[in-house]
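Chain by chain, the residues:
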Amino acid sequence: MELRHLRYFSKVASLRSVSQAALALNITQPALSRQIKDLERSLGYVLFDRTPRGVTLTAAGAGLFAHCETVFAQVERIPEVLRTAAQNRVMLHVGVPQGLPYDWFLGLLRAVDGHVPTIALTLHEATTDEQWQMLQSKLVDVALIHREAPEAGGSLLLMKQEIGVAVTADSPLAHLPQVGFAQLDGLSVMAHAVGEIATQEIRLRAAATAAGVTMQWVFRRFSEHSGLIALTAKVDAVLLTQSSAARHLPDWVWIPVRAERDPSFDLAISTWATWNEPHTSHVESLLAVMRSEARPNG
């Protein structure tokens, strides 16, 4: 089996068609069919069920297709691995979520360079759910996720960020030092989509219910176009952290939010460093720096 066999297989699997895959790969259909059969023979498994309408993955084929993403990602990293090794440094892959304060992470990078110069970090931006899959596939050494993961090898609370509301400068709320959920009653409010910040939708809905208010929720994945999304959706306010507001809605006013009726209700977004066990001494050195830079009390 060679890498090209996996690339051929992956293209057929994604397109569900040998003929379309052959066209995309710029090879003949009979040649591609032979390559797939050679791969099946070498692995000892049938990977596709052939039908008049195309091909479908067998259970073994579906398993291999899912694994191919990991294989290709590791291959793409080879030049970076070689370059780092030639500098006598060890590369560690760290998953980072959206909404992480830029200044905090910049300070972490400087601390790593200062205390552990033998480590080279490479960052992979992904949601909590995506990072969890990457951690399980060993595509990242440490995942920074927005939930505690007791099922992981280990975890460390890095920080808690207060949730607030961003409004335009002409909003009636803009002059307030603090906003309660009661003041959002009847308004259209935009928040992170599920998967961006795990369980946030559930917690926000619970806080609104506890306050006895009804809001028109608009859940979106935050991006560089969040301001435009908020304007086109005609929302009255956006619930997010101060660092996210500064990044995505720099012209809006950010105000802290309090949860009425239950002062213990935690609206803050927590970020945890999570890793697999066993881990290397270099991962432990990185975690030691993270511990020194952690802000678990906000």
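About the cut-offs
Residues numbered from 1 in each chain as written. Predicted model: local features only at pLDDT ≥ 70, side-chain atom pairs only at ≥ 80, totals over all residues. Heavy atoms only, no water. Axes fitted to C-alpha atoms, helices over the stretch in contact; angles between N-to-C directions. Helix = DSSP H or I, 4+ residues; strand = E, 2+ residues; numbered from the N terminus. Parallel < 35°, antiparallel > 145°, perpendicular 65-115°, else oblique. Left-handed = near helix turned anticlockwise from the far one by under 90°. Contact = heavy atoms within 4.5 Å. Nonpolar A, V, L, I, M, F, W, Y, C, P; charged D, E, K, R; others polar. Pairing = 2+ DSSP bridges. Core = buried A, V, L, I, M, F, W, Y, C linked by side-chain atoms within 4.5 Å. Buried < 20%, exposed > 50% of the residue type's maximum accessible area, 1.4 Å probe, protein only.

Student: Please explain the packing of helix H1 (residues 3–15) against helix H3 (residues 29–43) as it appears in this structure.
Tutor: When two helices pack together, their arrangement is given by the angle between the helix axes and by the axis-to-axis distance. It is at 9 Å that the axes of H1 and H3 come closest, and there the two elements cross at 110°. Judged by the inter-axis angle, H1 sits roughly perpendicular to H3. Between H1 and H3 lies a crossing of left-handed hand. Between H1, through Arg4, His5, Tyr8, Phe9 and Val12, and H3, the contact on the second element is made entirely by Leu32, Gln35, Ile36, Asp38 and Leu39. Partitioned by chemical class, the residues of the contact of H1 with H3 number 6 nonpolar, 2 polar and 2 charged.

Student: Can you walk me through the packing of H1 against helix H2 (residues 18–25) in this structure?
Tutor: Between H1 and H2, the least distance of the axes is 8 Å, while the angle of their chain directions is 125°. Considering their axes alone, H1 and H2 lie oblique with respect to each other. Two packed elements cross with a definite hand, and for H1 against H2 that hand is right-handed. When H1 is examined against H2, the residues Tyr8, Lys11, Val12 and Leu15 are found in contact with a partner set consisting of Val18, Gln20, Ala21, Ala24 and Leu25. Across the contact of H1 with H2, the residue classes tally to 7 nonpolar, 1 polar and 1 charged.

Student: Sorry if this is basic, but what is going on with unusual backbone geometry here?
Tutor: Glycine aside, a negative phi is what most residues show, and trans is what most peptide bonds show. The omega torsion of the bond from glutamate 277 to proline 278 falls at -5°, within 30 degrees of zero and hence cis. Tracing the chain through its elements places proline 278 in the loop between strand S13 (269–275) and helix H11 (281–293). At lysine 234, a position not held by glycine, the phi torsion is positive, near 55°. One can find lysine 234 in the loop between helix H9 (226–232) and strand S11 (237–241).

Student: How do you make sense of the sheet that holds S13 when you look at a structure like this?
Tutor: Pairing between the strands of a sheet is mediated by backbone hydrogen bonds and can be parallel or antiparallel. One open sheet holds the 5 strands; their spatial order is S4-S3-S5-S13-S6, and the pairing between them is mixed. Both edges of this open sheet fall to strand S4 (119–125) and strand S6 (154–161), since each of them pairs with a single strand only. Strand-to-strand, the axes of this sheet are offset by a mean angle of 20°, without reference to chain direction. Sheet topology places strand S5 (residues 142–145) next to S13; 4 bridges connect them, and they run antiparallel. In the strand pairing of S13, isoleucine 145 is matched with tryptophan 272. Where helix H5 (residues 78–86) meets the sheet, it contacts strand S3 (90–96) and S4, and its direction lies at approximately 130° from that of S3. Together, S3, S4, S5 and S13 form the strand contacts of helix H7 (residues 128–136), whose direction differs from that of S5 by roughly 165°.

Student: Sorry if this is basic, but what is going on with the nonpolar core here?
Tutor: The nonpolar side chains of a soluble globular protein tend to be buried, and buried together. Among the nonpolar cores identified, the biggest contains 25 residues, and Val165, Phe181, Met215, Trp217 and Leu239 are the most heavily contacted of them. Among the secondary structure elements, those contributing two or more residues to this core are strand S7 (163–167), strand S9 (188–192), helix H8 (200–210), strand S10 (216–220), S11 and strand S12 (253–258). Apart from residues no more than four positions distant in its own chain, tryptophan 217 is found in contact with Val189, Ala191, Leu204, Arg205, Ala208 and Leu239.

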